[in-house]
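Structural overview for review
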Number of protein chains: 4
Amino acid sequence: MKNTFGESVAVTLFGESHGEAIGAVLDGIAPGIPVDEDAISAMLARRRPAGKIGTARRESDDFRIVSGVFAGKTTGAPLCVLIPNEDKKSSAYETWRGLARPGHADLTAFQKYHGFEDYRGGGHFSGRLTAPLVTLGAVALCALAEKGIALGTHIARLENVKDREWGDFSADFAALKTADFPMLDGGAANAAREAILAAAAEGDSVGGVLESAVLGMPAGVGEPFFDSVESRLSHALFSIPAVKGVEFGDGFALAAMRGSKANDPWRMENGVPVSKTNRNGGVNGGISNGMPITFRTAVKPTPSIFKEQETVDFLHGKDATLSLAGRHDPAIVHRAAVVVDAMTALTLLDLLSLRFGTDFFGGGK
Amino acid sequence: MKNTFGESVAVTLFGESHGEAIGAVLDGIAPGIPVDEDAISAMLARRRPAGKIGTARRESDDFRIVSGVFAGKTTGAPLCVLIPNEDKKSSAYETWRGLARPGHADLTAFQKYHGFEDYRGGGHFSGRLTAPLVTLGAVALCALAEKGIALGTHIARLENVKDREWGDFSADFAALKTADFPMLDGGAANAAREAILAAAAEGDSVGGVLESAVLGMPAGVGEPFFDSVESRLSHALFSIPAVKGVEFGDGFALAAMRGSKANDPWRMENGVPVSKTNRNGGVNGGISNGMPITFRTAVKPTPSIFKEQETVDFLHGKDATLSLAGRHDPAIVHRAAVVVDAMTALTLLDLLSLRFGTDFFGGGK
Amino acid sequence: MKNTFGESVAVTLFGESHGEAIGAVLDGIAPGIPVDEDAISAMLARRRPAGKIGTARRESDDFRIVSGVFAGKTTGAPLCVLIPNEDKKSSAYETWRGLARPGHADLTAFQKYHGFEDYRGGGHFSGRLTAPLVTLGAVALCALAEKGIALGTHIARLENVKDREWGDFSADFAALKTADFPMLDGGAANAAREAILAAAAEGDSVGGVLESAVLGMPAGVGEPFFDSVESRLSHALFSIPAVKGVEFGDGFALAAMRGSKANDPWRMENGVPVSKTNRNGGVNGGISNGMPITFRTAVKPTPSIFKEQETVDFLHGKDATLSLAGRHDPAIVHRAAVVVDAMTALTLLDLLSLRFGTDFFGGGK
Amino acid sequence: MKNTFGESVAVTLFGESHGEAIGAVLDGIAPGIPVDEDAISAMLARRRPAGKIGTARRESDDFRIVSGVFAGKTTGAPLCVLIPNEDKKSSAYETWRGLARPGHADLTAFQKYHGFEDYRGGGHFSGRLTAPLVTLGAVALCALAEKGIALGTHIARLENVKDREWGDFSADFAALKTADFPMLDGGAANAAREAILAAAAEGDSVGGVLESAVLGMPAGVGEPFFDSVESRLSHALFSIPAVKGVEFGDGFALAAMRGSKANDPWRMENGVPVSKTNRNGGVNGGISNGMPITFRTAVKPTPSIFKEQETVDFLHGKDATLSLAGRHDPAIVHRAAVVVDAMTALTLLDLLSLRFGTDFFGGGK
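Reference entry: report on the structure contained in this document. This one's a predicted model, so the numbers in the text were calculated from it and none came from an experiment.

Some details on the environment of D:Ala156
Residues and elements named next belong to chain D.
- Mapped onto the fold, Ala156 is located in strand E8 (residues 150-158).
- Classification of Ala156 by relative accessible area gives buried; the value is 15%.
- Dropping the residues within four chain positions of it, Ala156 is found in contact with Val161, Lys162, Asp163, Val209, Leu210 and Glu211.

Rendered as structure tokens:
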């Protein structure tokens, strides 16, 4: 399966940025999970460009759920969400046809699809395809919430601006759900927005590191080796456009530590083993241990910049230069936070369904 | 599938450290690939403890291929390799039964398997299980080599010791195949060994960052989104015990760059697009672009240390302390390098087989 | 994966009969395959009710391909087809809510989905869901045709009416493509229609046996054991509503033969092995041998009949009687023929892509 | 995955008839299931040749479970069973190298594996490979039994000899477990053995139809369309060598009935819906309905016969004749009964695990 992710609860993604519609199918979810379209819209809004730090393209993300929901709840049958593409300026892309925009997939799409690809607006590679993923992620989050599982993602670092660390997870998650900008500290959020505008003023772009946490995940979930929690989550996270690194717990920093520091000691607390530190990110041997699952995702700067770039015309096999115009985001990391939430929720929903059965969620007995 | 990885060419892993044997099945490989048992042994030797920096446990890795090879070549039918477990000191593990060795999977195995797990020597979670993976990886490397695809892994950093960067890939790969210690620079290798011994002298352990490169991968391989090269490789890499971070190209460093720096400009060279820099690690939009595929893997320090540690007795639900004895490696990062090679080779073999068909490799027409 | 079928080229199905739309996604197909909407419409027409032997429900099957096709050819990205549901008479189904229509999935849907299912018109179990499968099957047939692979299905037996046997496959396939009724012999077709009308006059229904053949399949495709040609095809065929039996070659009749009769002797013909008989249906040991692949599919009579039936009200746990009204087909076997073609084409497309690579089909090099 | 079957609980098969060993891995099973090696041996014995109606090849099926079992119970980690190959007379097969034994996979193996296959004794296609499947099936049956699920298979018809129909399922299942020959009626069993000997006396072979039933399967299991109970079971059954037809309930006979007869009416019995007839074999819309699941499997006559046969020498591309000698069974249908039980048990174990979670079985909470 190529554009499908998951085993018991799976997602299949389709659509090209300038085609008729994009969408995704969620297959295998339990029946009886409430589907709240307002909650979905709210989550999509966190993904959409807004204000001065976003593009001018209006993406209204008018989604329609065409199957799998009846009387406001999942039926248990496949749920398909469709998002029509609007406000397409396709003609602009004709100018660049055959040019490999650096950092984008134009050349690799050609190398894979031999010129038959729909190249307009990035085609099937467009970041727009994350909108249906967020829609389905919202449904997954609702299912997880009913089981006391919550999660959230903030920007730990944008270029050189650092956010504060997690405080009280629940309070931080709640704040992130309604924040204009996914940083925990207001001052850092302002500085980050400034950094984005500064880059934009130079026709450039910035990236950042997202930091996520999951609370309430039952212990004992995941598999040793190939379907470990880290394997499955990283598989999902690296499928998000522009992601170039993933680490769990203290991640790369663990590589410089001694074992005596990297190990998390255990103690009993109210009859449950709790670790004093959580450098391993809530996962041991690929299996969840009941502690918060923590990880970071590196998002590279948006490839579309307005400076002139050297490239090739791959249709004619010669060097060329490229100066983009049009509507491009100077940063996507703040938009990607909710996509990380969505992919995390979908992955955990699948792992939990495999472990505890389909009816662990939803309205069934 | 839980302990199976891959779609067209898949690996299924089995075995517990102190059971009768461990092994793995390689299913779906092309017929007619030469299977060189000496090459396999050489690769396994790079995984085995040796000298003062290793444990005292003698792992002879006497492997037997019990199916799938005939007249020295793969038959195309499933290939099973078995490695009997020897030199087991099981009684030692009885002392620690029920204690959660920090950083290990003792507790999570119990949380997942409810006490029915074979806990001796780490059971199914033991790093020993990487031996059959390396065996199959050797077969995969041979198949890739026939198509001009080569790869290698060195320790970029061990605790605070840094190796030099890649020079000429082919020469570096060749050196790594026969090196005692997987570092490119002799002085760095000595310093790294010293660091391992220093930690061992304190009853402690160290970790490191592995750096890998793949040459000769055809462009256009991989899928957008869910089965991207990064998703598939990270899935495989995070399944290796002790891995806690994976990044491609410049990885996390990209998050601090401007787009104008992070983007790789293109130019034509001998009729082929070549990028001037390779910060994206040879992958755009999840698809290989023909440039070397580069990535780093963070390996945490070996959890088994000789200092006293605080933990819990999870069978009795109370706090406890733990002082390990026996035979434990003060570092595993130097042994993990060849495991990274193996998992990379197996992943690429699968992606290429899906793309070009089973007979892209091997002796068939 | 639950509502997904296939590995390299996969189909994901969604939709409920009285929901907004039904559809399916074809994922993994090669780029550059011509998509002929007229050919698709023609194939859909063979599935739709027509004339006196069909229902009165007008299913216009206005399909829309919303992704995966650009400039008239597949892009290689996932192809989604949508078919809006029209002419729904939902209120009728309220009368029967909670009644288990014998032979249908009302009760089992409730047992599986705990009452959250969309029960109207059969919901996700409706035979209408075969329309998107036929649409994708048409695309698959086009791809297969470019490789010289053709197939066809006729009604071998409807109740007691028997069609003639295959004559010249190519001529028979061509005739079936445009026939009003999928039988090779005109007289048999008339008798079959009469049998359908006779049953309808009694408020009853009939079934039949479909017989299929595939020409031009390369030898050596399929896997021993679990992914044999028979395993994969039967898996696909039994997913068609109302199918209750599948046999290959002489099928169940082989069980009464001696081996000397059941075996197909071989001889060379123009440098290629050809079997003198084809009782094994073109498959040996699960692998295609180059001879036509032949099989039969048993389709039970349409469960919806107008006679009174004994049943239960499963919502209230008591006995009940049921007298259906409305629009129901007295037979579906003649409509199922093209669905068998579609599922066969999709299965073979997947097996061939796994074996020969994605670009075996389509416009790529 | 090619030689792997299942999703949550999967089986991977390996081995060639004259290689070092054959075996299989059961991956994903719950921990805490008792593994009774005597029960496994008893089930294997029903598969092995015995007495005058079997071959002279002694297959001792000395199996060894090398992983996944500890203290007599499954650990939850992958369970690998190995069966060494003994009593191999490989030299005999050299005589026939390159000859396509009619009804066997010699030619198709060559067409698939290009001559690299291990052809001796049928290689990876040998019926011997069903021994590890039966071993794992025994473990699955034990798990199912703890949940009150039982099943059995008898020969409904051997050539022209008919067995009686099912009486009391439980009593019949118990009798089949210990019977010398899998027929319910003693007289029929004798007649069947006579028929086998009569065929053997003529250097020929016979086939038969196996009939199976499953009791106690919970309702609501399976998926509509692609992973229906029928799709999954037929996929498993057709993977058994020599199987050429599968039908559920009244199967092909339904195709000649009217709907009023084919439909199963419902009534309440002790608060549970029960069908008055069971022509649909316990499955509606692909989902189990709580009634016994019934199906038949057609097994063709053993291809290896002693009469002279016309064939080709595919290595040299010319016609040839073949007269087999050696040790060949005149019938395998009586041996296949227990293989059908095994594959059925493994399939249901997977469907139930997907539906109710891994710990639905075994010793976990």
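Structural notes on the sheet that holds strand E7 (residues 79-84) of chain D
Residue and element names in this part refer to chain D.
- Across the sheet, five strands lie side by side as E1-E2-E3-E7-E4; this open sheet has antiparallel pairing. At either end of the open sheet lies a strand with only one pairing partner, and these are strand E1 (4-5) and strand E4 (64-67).
- Where E4 meets E7, three bridges bridge the pair, whose relative direction is antiparallel. Of the residues in E7, the one forming a bridge with Ser67 is Cys80.

Comments concerning the interface of chain B and chain A
- Contact with chain B, which involves 102 residues of that partner, is made by 102 residues of chain A.
- For the pairing of chain B and chain A, the buried interface totals around 8300 Å² over both sides, and the portion due to carbon and sulfur atoms is 58%.
- Three residues stand out in chain B for area buried against chain A, namely B:Phe225, B:Phe226 and B:Lys244, and they jointly supply 12% of the buried area on that side.
- Our count for the chain B to chain A interface comes out at 10 salt bridges.
- A salt bridge links A:Glu223 to B:Lys112; the nearest nitrogen and oxygen atoms lie 3.1 Å apart.
- On inspection of chain B and its partner chain A, the count reaches 53 residue pairs in polar contact (both at pLDDT 80 or more).
- The leading source of residues in the side of chain B that touches chain A is strand E11 (residues 243-248) of chain B, at six residues.
- In terms of residue class, the side of chain B that touches chain A is made up of 44 nonpolar, 34 polar and 24 charged.
- As paired strands, strand E11 (residues 243-248) of chain A and E11(B) are joined by three bridges and run antiparallel to one another. Within E11(B), the residue paired with A:Val246 across the bridge is B:Val246.

Focus on the relation of the copies chain B and chain A
- Rotating chain B by 180 degrees about the axis while translating it 0.0 Å along that axis superimposes it on chain A, leaving an RMSD of 0.0 Å. One copy is carried onto the other by what is essentially a two-fold rotation axis.
- Take the interface residues of chain B: 100% of them recur as interface residues in chain A, which is what a same-surface contact looks like.

Concerning the packing of aromatic side chains
- Applying the stated criterion to the full structure yields 46 aromatic pairs over all chains.
- Look at B:Tyr119 and D:Phe70: their rings are 5.7 Å apart centre to centre, the planes differ by 85 degrees, and that puts the pair in the edge-to-face class. Remark: D:Phe70 occurs in strand E5 (residues 69-70) and B:Tyr119 occurs in the loop between helix H3 (106-113) and helix H4 (130-145); the pair is interchain, linking two chains.
- Taking 5.0 Å as the distance between ring centres and 85 degrees as the angle between the ring planes, the aromatic pair formed by C:Phe360 and C:Phe361 counts as edge-to-face. Across the pair, exposure class does not vary: C:Phe360 and C:Phe361 are buried alike.
- Taken together, A:Trp166, A:Phe169 and A:Phe173 form an aromatic cluster joined through their ring pairs.
- Its end group placed over the ring of C:Phe360, C:Lys147 keeps NZ or CZ at 4.1 Å from the ring centre.

Some words on the sheet that holds strand E3 (residues 21-27) of chain C
Residue and element names in this part refer to chain C.
- Spatially, E1-E2-E3-E7-E4 is the arrangement adopted by the five strands of the open sheet, whose pairing is antiparallel. In this open sheet, the two edge strands, each paired with only one partner strand, are strand E1 (4-5) and strand E4 (64-67).
- Bridge count for E3 against strand E7 (residues 79-84) is six bridges, and the pairing is antiparallel. Bridging from a neighbouring strand, Leu26 pairs with Leu79 of E7.

Examining the relation of the copies chain D and chain A
- Superposition record for chain D on chain A: RMSD 0.0 Å, screw rotation 180 degrees, translation along axis 0.0 Å.
- A shared binding surface is used by both copies, with 100% of the interface residues of chain D retained as interface residues in chain A.

Focus: helix H1 (residues 37-45) of chain A
Residue and element names in this part refer to chain A.
- Buried within H1 we find Ile40, Met43 and Leu44. Along H1, the residues classed as buried sweep out an arc of 100 degrees about the axis, all on the same side.
- Against strand E4 (64-67), helix H4 (130-145) and helix H9 (333-356) lie the buried residues of H1.
- The N-cap residue of H1 is Asp36: its side-chain oxygen and the backbone nitrogen of Asp38 are 2.9 Å apart.

A look at the interface of chain D and chain A
- In this complex, chain D contributes nine residues to the contact, which on the side of chain A involves nine residues.
- The contact between chain D and chain A buries some 650 Å² in all, and 32% of this surface belongs to carbon and sulfur atoms.
- Taken as a group, D:Glu7, D:Leu354 and D:Arg355 account for 54% of the area that chain D buries against chain A, more than any other trio of residues on that side.
- Applying the counting criterion to the chain D and chain A interface returns two salt bridges.
- Between D:Arg355 and A:Asp359 there is a salt bridge, with its nearest N and O atoms 2.7 Å apart.
- Its residues assigned to classes, the side of chain D that touches chain A comprises two nonpolar, four polar and three charged.

A short note on the side chain of C:Thr344
- Summarising the element assignment, C:Thr344 is placed in helix H9 (residues 333-356).
- Here the side chain of C:Thr344 touches C:Val340 through a polar contact of 2.7 Å, landing on its backbone oxygen.

Points about the packing of helix H7 (residues 229-237) of chain A against H9(A)
All names here are of chain A.
- Packing of H7 against H9 leaves a shortest axis separation of 9 Å and a crossing angle of 140 degrees. On the basis of the axis angle, H7 is oblique to H9. As for how H7 packs across H9, the hand of that crossing is right-handed. On H9, the residues touching Val229, Arg232, Leu233, Ala236 and Leu237 of H7 are Val340, Met343, Thr344, Thr347, Asp350, Leu351 and Leu354.
- In terms of residue class, the contact of H7 with H9 is built from eight nonpolar, two polar and two charged.

Here's the deal with unusual backbone geometry
- A positive phi angle is found at B:Ala71, which is not glycine, with a value near 55 degrees.
- Within the element layout of this structure, B:Ala71 appears in the loop between strand E5 (69-70) and strand E6 (73-74).
- Overall, B:Ala71 belongs to the exposed group, its relative accessible area being 73%.
- One non-glycine residue, D:Glu159, lies in positive phi territory at about 50 degrees.
- Locating D:Glu159 in the fold gives a position in the loop between E8 and strand E9 (161-162).

As for the pairing of strand E13 (residues 272-275) of chain C
All names here are of chain C.
- Note that strand E12 (residues 266-269) and E13 share four bridges and pair antiparallel. When the bridges of E13 are listed, Glu269 appears paired with Val272.
- The turn linking E12 back onto E13 is made up of two residues, and Asn270 within it adopts a positive phi angle of 55 degrees.

The rules behind these values
Residues numbered from 1 in each chain as written. Chains lettered and ligands numbered in written order. Predicted model: local features only at pLDDT ≥ 70, side-chain atom pairs only at ≥ 80, totals over all residues. Heavy atoms only, no water. Helix = DSSP H or I, 4+ residues; strand = E, 2+ residues; numbered from the N terminus. Buried < 20%, exposed > 50% of the residue type's maximum accessible area, 1.4 Å probe, protein only. Contact = heavy atoms within 4.5 Å. Pairing = 2+ DSSP bridges. Buried area = accessible area lost by both parts, 1.4 Å probe. Salt bridge = Lys/Arg side-chain N within 4 Å of Asp/Glu carboxyl O. Polar contact = N/O pair within 3.5 Å; in protein donor to acceptor, adjacent residues only side chain to side chain. Nonpolar A, V, L, I, M, F, W, Y, C, P; charged D, E, K, R; others polar. Least-squares fit on C-alpha atoms with pLDDT ≥ 70 in both. Phe/Tyr/Trp six-rings, centres within 6.5 Å; stacked < 30°, edge-to-face > 60°. Lys NZ or Arg CZ within 6 Å of the ring centre and 35° of its normal. Arc of directions from axis to C-beta. Axes fitted to C-alpha atoms, helices over the stretch in contact; angles between N-to-C directions. Parallel < 35°, antiparallel > 145°, perpendicular 65-115°, else oblique. Left-handed = near helix turned anticlockwise from the far one by under 90°.

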